[in-house]
Amino acid sequence: MNFVFVVDKYKPVTSSNAVCMINIMRELKKNNHNVKLIAIYEGSTDYGEFDCKYVQPVETKDKTLFEYLKCFFVYSRYNKGLVKNYYDAIVEIDKEIGIDYLVCAHNLYEAIKAGQQVKKYNKKIKCIGYFLDALSEAEIVNKKFNLKEWIVIQTLKKETKQIIKDLDLILIPEYWKGEYSKKMCFVGKNVKFVGLPNLTEEKLPSNVCKDKIKIVYCGYLYRTIRGVECIKDFSRLLDINKNIEIHFYSKGKEEELNEFCNKYPNNVFLHGYVDRATLEKVLQDANYFLNISNRVTNYVPGKLFEYLSYAKPIINYQYIDNDPTMVYINKYDLSYNLVDGKDTDINDFNRFIEENKFATLDYENVKETFKECLPTYSIKLMLEEI
């Protein structure tokens, strides 16, 4: 079978959503399927392991209130220029090899829209919309009513209904199940729930640090969604255990992190964002992973699923009572949960750190517990549900 995947960023910096799709692509390739990738050109000529076809980005400008209202009535919230570039690239590949399955990954929304147009061009192509990320910032930022954001959400609901009609299969995160999927109109026989496909079929290699206890955080930090309040607990931990190092491979909240680093210069290290190869080496060497949850009820940090592939201990920082991340943390036997605004028993936290610094779980049990996060789980749905 010929599979084509449409993502946002591949090289030089691969987005977390693209990483999910690449995991699926690798499994397909192992099983002798022909796999190609389409991504936005970001200055790199590296075509990688999938002979990537790059499309040119198209700049957008902020919309006026009138333009938002126009979007509501004519379904044009997305970047039409980028949709066309994606569409042209898909059609070109289809003419070359004949596409059997087209997998369009959100984020970006333009990838999904391109898939809709491709179905009109060639109904034989089996088109899959894979939703991995927030449909819009308007859904996840908690603040007072904003007319523009309200219009965006209403527009999304209309577009979602049409997408479900047009595409053959819609895959959405299992933590959207229930109230949120109904609210955003993800309802239909062709809508299926999956875990984020970041759990690898084989346990990832590990070379745990023996000299120091390394705690690693990777990802973005946001003012409104995911912050660094956890440094209060880690400051107390470092005051009683000088053998710990905390490494941040992240963007955002630099002022607070610099202050934390200056206070503990021998224990806290800020690395910024690094390339994928460097990050994989960092994760191999870590003793612990730090997962900082979100302040919203319908999103789980994607990096958590990658952490599971190492079967190492995870420290989670929880903001809200109904955090969907806790569904996974509570099922993972090597985890310790810190709760925002609640006093942490620092001696108990330190005991967990010292007792589990070289610990790992049996990976077969991890796979069975989180089987919906395996790439093969998504592939099975793709091949059997259409």
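This text goes with the structure placed above it.
Residues numbered from 1 in each chain as written. Predicted model: local features only at pLDDT ≥ 70, side-chain atom pairs only at ≥ 80, totals over all residues. Heavy atoms only, no water.

Caption draft 1: Molecular detail of the overall build of the protein chain. Helices and strands together make up the secondary structure of the protein chain, namely 15 helices and 13 strands. Taken over the C-alpha trace, the protein chain has a radius of gyration of 21 Å; the compact-globule value for 386 residues is 21 Å, and the two agree within 12%. Overall size of the protein chain, expressed as C-alpha extent along the three principal axes, is 65 × 50 × 40 Å. When the 386 residues of the protein chain are sorted by exposure, 56% land in the buried category. For the protein chain, the distance from the average site of its 56 positive side-chain charges to the average site of its 54 negative ones is 6 Å. (Helix = DSSP H or I, 4+ residues; strand = E, 2+ residues; numbered from the N terminus. Rg over C-alpha atoms; globule rule 2.2 N^0.38 Å. Buried < 20%, exposed > 50% of the residue type's maximum accessible area, 1.4 Å probe, protein only. Lys, Arg positive; Asp, Glu negative; His and termini not counted. Charge placed at Lys NZ, Arg CZ, Asp CG, Glu CD.)

Caption draft 2: Layout of the packing of aromatic side chains. Under the defined criterion, the tally for this structure stands at 22 aromatic pairs. On the basis of an interplanar angle of 20° and a centroid distance of 6.4 Å, the ring pair of Phe-3 and Phe-5 is categorised as stacked. One exposure class covers both Phe-3 and Phe-5, and it is buried. Stacked on the ring of Tyr-10, the Lys or Arg Lys-11 has its end atom at 5.2 Å from the ring centre. Above the ring of Tyr-319, the side-chain terminus of Arg-295 is found at 4.1 Å from the ring centroid. (Phe/Tyr/Trp six-rings, centres within 6.5 Å; stacked < 30°, edge-to-face > 60°. Lys NZ or Arg CZ within 6 Å of the ring centre and 35° of its normal.)

Caption draft 3: Broad picture of the side chain of Glu-110. In this structure, Glu-110 sits in helix α4 (residues 109-121). Among residues more than four places away in sequence, those in contact with Glu-110 are Tyr-78, Asn-79, Leu-82, Val-83 and Tyr-86. (Contact = heavy atoms within 4.5 Å.)

Caption draft 4: Quick peek at the nonpolar core. Core analysis: the biggest nonpolar cluster contains 100 residues, and Phe-5, Met-21, Leu-102 and Phe-186 have the highest contact counts within it. If one sorts the elements of this core by residue count, helix α3 (residues 80-97) sits on top with eight residues. Of all hydrophobic cores here, the second largest spans 31 residues; its members include Cys-261, Tyr-317, Phe-349 and Ile-353. (Core = buried A, V, L, I, M, F, W, Y, C linked by side-chain atoms within 4.5 Å.)

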